[in-house]
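# Coordinate inspection notes
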Amino acid sequence: MMKKMLPVRLFTLLKSNSVRRITPQTCYSCLSSVQRDKKDNTAAVFPQGFCSVKRDLPKLLSERSFSLTPAGIVNAAPSSMQPYLRLMRLDKPIGTWLLYLPCTWSIGLAADPGCLPDLRMLALFSTGALLMRGAGCTINDMWDKDFDKKVSRTATRPIAAGQISRFQALVFLGGQLSLALGVLLCLNYYSIALGAASLSLVVTYPLMKRITYWPQLVLGLTFNWGALLGWSAVAGSCDWSVCLPLYFSGIMWTLIYDTIYAHQDKDDDIKLGVKSTALRFQEQTKPWLSAFTVAMLSGLVLAGANAEQTLPYYAAVTTAGVHLAHQVYTLDINKPDDCWKKFASNRNVGLLLFLGIVVGNLWKKRNDRQYETKLNSLPNSQ
């Protein structure tokens with residue numbers, strides 16, 4: 001017999017009827033005794049017959065009830081498709097959000113005063129973000145196959161695990177980029193040229209961790225290209241007085257959330273000899289993140305001033321700043337779970353800023369009407 005630590009979620013699964021059919025009765029007796037033990041329901045001694053459960057567990061996990069979560073949708077897909085969906089991280093949409101949100105900021109700021117953002121552009125950019133994030137993940141996993149095998153968190157990625165060959169990944173990458181090109185061709189010529197210029201960053205970013213302690217900076221340059229592209233797609237060209245501060249703010253934001261993310265893997269990174277801002281900053285991470293937060297907020301204020309934004313926008317920027325300050329203050333860089341939680345919460349920061357932009361733009365119309373009412377109420381002077 002051997003001792004195994006049994007997570008509560010796995011315990012619940014093993015109690016299900018489908019598992020009872022294949023679980024030896026002696027094993028199930030052990031499970032029942034664990035349930036009765038209220039002091040510790042996570043440890044049990046299993047006879048060797050439990051190995052049949054271990055062998056059939058992947059099948060049982062795949063047969064769980066359908067869920068509308070991204071991971072549930074991927075698990076419900078045909079088994080032949082699942083490795084490709086996981087390769088493009090369809091089951092982990094946070095990266096797509098972080099790529100898409102700077103696009104929404106730019107599209108929102110480019111809208112006419114008193115108008116909602118262009119819904120067609122928002123839809124096009126959401127599709128493009130999904131495809132380009134997937135392409136970026138495919139490129140990253142092709143470059144990092146040997147590294148991923150040696151890191152527990154990434155060892156199950158489809159290429160590292162041998163579920164997809166490099167050639168199959170290359171063909172899949174070609175399909176993703178072709179579809180993304182189709183989205184790009186729906187934009188004006190200026191935006192097509194601007195969007196194509198970002199491809200070199202997408203391809204080279206995964207190599208930066210081998211060269212510099214600042215790969216997060218290159219990721220920021222890549223992930224926030226939409227802050228330029230969104231405006232040009234709506235207006236036909238970039239207003240650099242708005243787009244550049246917005247782009248700069250996005251880069252600072254990426255340095256914040258991806259440095260937090262990198263702290264999850266810092267021990268493995270040291271062993272593998274790859275670099276990150278987490279290793280560069282180490283115990284000085286919080287002062288650096290605080291500086292990036294100040295720089296991000298300054299850029300957002302400048303972009304808002306040049307776009308003639310109104311009170312709701314600045315209220316959103318202030319709230320986002322409070323959120324980021326709380327992230328930095330409560331962050332425990334030595335706890336991977338806390339790092340992931342803080343990293344994922346940045347989606348809320350981006351959504352908050354987008355909401356502030358939209359409401360701030362609508363506020364412009366209300367102010368204009370109030371001003372016109374005041375003018376009309378004045379006696380005519382001739």
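For the structure itself, look to the data block above.
A few points on the structure. (Residues numbered from 1 in each chain as written. Predicted model: local features only at pLDDT ≥ 70, side-chain atom pairs only at ≥ 80, totals over all residues. Heavy atoms only, no water.)

To continue, consider the packing of aromatic side chains. This structure, assessed with the given rule, holds 14 aromatic pairs. Their ring planes at 90° and their centres at 5.9 Å tell us that W225 and Y247 sit as a pair that is edge-to-face. Within this pair, whereas W225 is found in the loop between helix 13 (215-223) and helix 14 (226-235), its partner Y247 is found in helix 15 (residues 240-262), the two being separated by 22 residues in sequence. Taken as a pair, W225 and Y247 share a single burial class, namely buried. Through successive ring pairs, a cluster of aromatic residues spans W105, W253, Y257, Y261, W340 and F343. A cation over an aromatic ring shows up here: K275 above the ring of Y213, its NZ or CZ 5.7 Å from the ring centre. Directly above the ring of W97 sits R347, whose terminal nitrogen or CZ lies 5.6 Å from the centroid. (Phe/Tyr/Trp six-rings, centres within 6.5 Å; stacked < 30°, edge-to-face > 60°. Helix = DSSP H or I, 4+ residues; strand = E, 2+ residues; numbered from the N terminus. Buried < 20%, exposed > 50% of the residue type's maximum accessible area, 1.4 Å probe, protein only. Lys NZ or Arg CZ within 6 Å of the ring centre and 35° of its normal.)

What follows is about the nonpolar core. Counting residues in hydrophobic clusters, the biggest one holds 69 residues, and the most contacted among them are W105, F125, W253, M296 and L353. Here this core takes 12 residues from helix 15, the largest share from any one element. Those residues in contact with F125 that lie beyond four places of it in its chain are Y100, C103, I107, L187, L229, G230 and A233. The next biggest cluster of nonpolar side chains, apart from the first, holds 9 residues, and it includes A135, M142, A169 and V202. (Core = buried A, V, L, I, M, F, W, Y, C linked by side-chain atoms within 4.5 Å. Contact = heavy atoms within 4.5 Å.)

Turning next to the pattern of salt bridges. Pairing between side chains becomes possible if they bear opposite charge and their charged atoms approach one another. Tallied over the full model, the rule gives 6 salt bridges. As a salt-bridge pair, D148 and R157 come within 3.7 Å of each other at their nearest N and O atoms. Considered together, D148 and R157 belong to a single accessibility category, that of buried residues. (Salt bridge = Lys/Arg side-chain N within 4 Å of Asp/Glu carboxyl O.)

So, about the packing of helix 7 (residues 94-110) against helix 15. Running from N to C, helix 7 and helix 15 point in directions that differ by 155°, and their axes come no closer than 11 Å. Relative to helix 15, the element helix 7 is oriented roughly antiparallel. The way helix 7 lies across helix 15 gives a crossing that is right-handed. Contacts from L98, L101, P102, W105, S106 and L109 in helix 7 reach V242, L246, G250, W253 and Y257 in helix 15. (Axes fitted to C-alpha atoms, helices over the stretch in contact; angles between N-to-C directions. Parallel < 35°, antiparallel > 145°, perpendicular 65-115°, else oblique. Left-handed = near helix turned anticlockwise from the far one by under 90°.)

We now examine the side chain of H263. Mapped onto the elements, H263 comes out in the loop between helix 15 and helix 16 (266-272). On the basis of relative accessibility, which here comes to 3%, the residue H263 falls in the buried class. A polar side-chain atom of H263 sits 2.9 Å from a polar atom in the side chain of T285. Aside from chain neighbours lying at most four places away, what touches H263 is A278, Q282, T285, I333 and C339. (Polar contact = N/O pair within 3.5 Å; in protein donor to acceptor, adjacent residues only side chain to side chain.)

With that settled, the discussion passes to the side chain of K266. Here K266 is to be found in helix 16. One buried charged residue, K266, forms no salt bridge at all, with the nearest opposite charge on E283 at 5.4 Å. A polar contact is formed between the side chain of K266 and the side chain of N334, at a distance of 3.1 Å. Look past the residues within four positions of K266 in its chain and what remains in contact with it is L279, I333 and N334. (Lys, Arg positive; Asp, Glu negative; His and termini not counted.)

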